[in-house]
Amino acid sequence: MELSDKKTADIFKAFCDENRVKILKLLQGGEKCACVLLDDLRISQPTLSHHMKILCDSGIVVGRKEGKWMHYSISQEGAQKAVSVLQDMTTPIG
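What comes next concerns the included structure. Note that this is a predicted model, so its numbers are computed, not measured. In every chain, residue numbers begin from 1 and rise along the written sequence. Since the coordinates come from a predicted model, pLDDT governs what is reported: local features require at least 70, and pairs of side-chain atoms require 80 or more to be given and counted, while whole-chain, interface and lining totals use all residues. Neither water nor hydrogens contribute to the side-chain values; these are computed over all heavy atoms in the structure.

A word on the environment of Y72
- Each helix is a run of DSSP H or I of at least 4 residues and each strand a run of E of at least 2, with the numbering of both proceeding from the N terminus. Within the secondary structure, Y72 sits in strand β3 (residues 69–74).
- As for Y72 and K32, which are separated by 40 residues in sequence, their C-alpha atoms are 5.4 Å apart.
- Two residues qualify as a contact provided that any one of their heavy atoms is within 4.5 Å of a heavy atom in the partner residue. When neighbours within four sequence positions are excluded, Y72 is seen to be in contact with L27, G30, E31, K32, A34, L37, M52, C56, V61, V62 and G63.

Structure, rendered in structure tokens:
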């Protein structure tokens, strides 16, 4: 399945910020509540929301609402898609 240039850029954008890399590392340990991410990262709630929107738009992270809090986790399907896109874009065409 070939992705649009926009969707491909969204995937790479997810990895292009230090805070988003930190968030992904935190999520490697499993699902985390936004409140936990806020405490660990020491950023404001609007800043976290901005980063989570980019990560979720990329498909690499998924969120689910529980009460007033969002809980986030890495999407294995989205992560595999990111790996596949990187491989496709860096494989020479013969």
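Quick look at the pattern of salt bridges
- For salt bridges, the criterion is a side-chain nitrogen of Lys or Arg within 4 Å of an Asp or Glu carboxyl oxygen. Applying the stated rule across the entire model yields 5 salt bridges.
- When the shortest N-O distance is used, the salt bridge between K6 and D10 registers 2.8 Å. Taken together, the residues K6 and D10, both in helix α1 (residues 5–14) and 4 residues apart, mark about one turn of the helix.
- With a closest N to O distance of 2.8 Å, E31 and R64 form a salt bridge. Taken together, the residues span a long stretch of sequence, with E31 in the loop between α2 (18–27) and β1 (32–33) and R64 in strand β2 (residues 61–66) at a distance of 33 residues.
- Buried residues are those whose accessible area, probed at 1.4 Å on protein chains only, stays under 20% of the maximum for their type, while exposed residues exceed 50% and partly exposed ones sit between those limits. Here E31 falls in the partly exposed class, since its relative accessible area comes to 40%.
- Each of E31, R64 and E66 takes part in a single network of salt bridges with overlapping partners.

Observations regarding the layout of surface pockets
- Cavity means a closed set of points on a 1 Å grid over the protein atoms alone, one where a 1.4 Å probe fits but cannot get out, pocket means an open set with protein on both sides within 12 Å along at least 5 of 7 lines, and lining means a residue has an atom within 4 Å of a point. Grid points are joined across faces, edges and corners, and a volume is the space filled by probe spheres set on the points. In this structure, the largest pocket occupies an estimated 210 Å³ of space.
- What lines the largest pocket is a set of 10 residues, among which E2, L3, T8, V85 and D88 lie closest to the centre.
- Secondary structure elements with two or more residues in the lining of the largest pocket: α1 and α5 (76–90).
- For the lining of the largest pocket, the element with the highest residue contribution is α5, accounting for 5 residues.
- A per-class count over the lining of the largest pocket returns 4 nonpolar, 2 polar and 4 charged.
- Here the second largest pocket is characterised by a volume of approximately 150 Å³.
- As for the second largest pocket, its lining consists of I11, F12, F15, L24, I60, I74, A79, A82, V83 and L86. Classification convention: Asp, Glu, Lys, Arg as charged; Ala, Val, Leu, Ile, Met, Phe, Trp, Tyr, Cys, Pro as nonpolar; all other residues, Gly among them, as polar.

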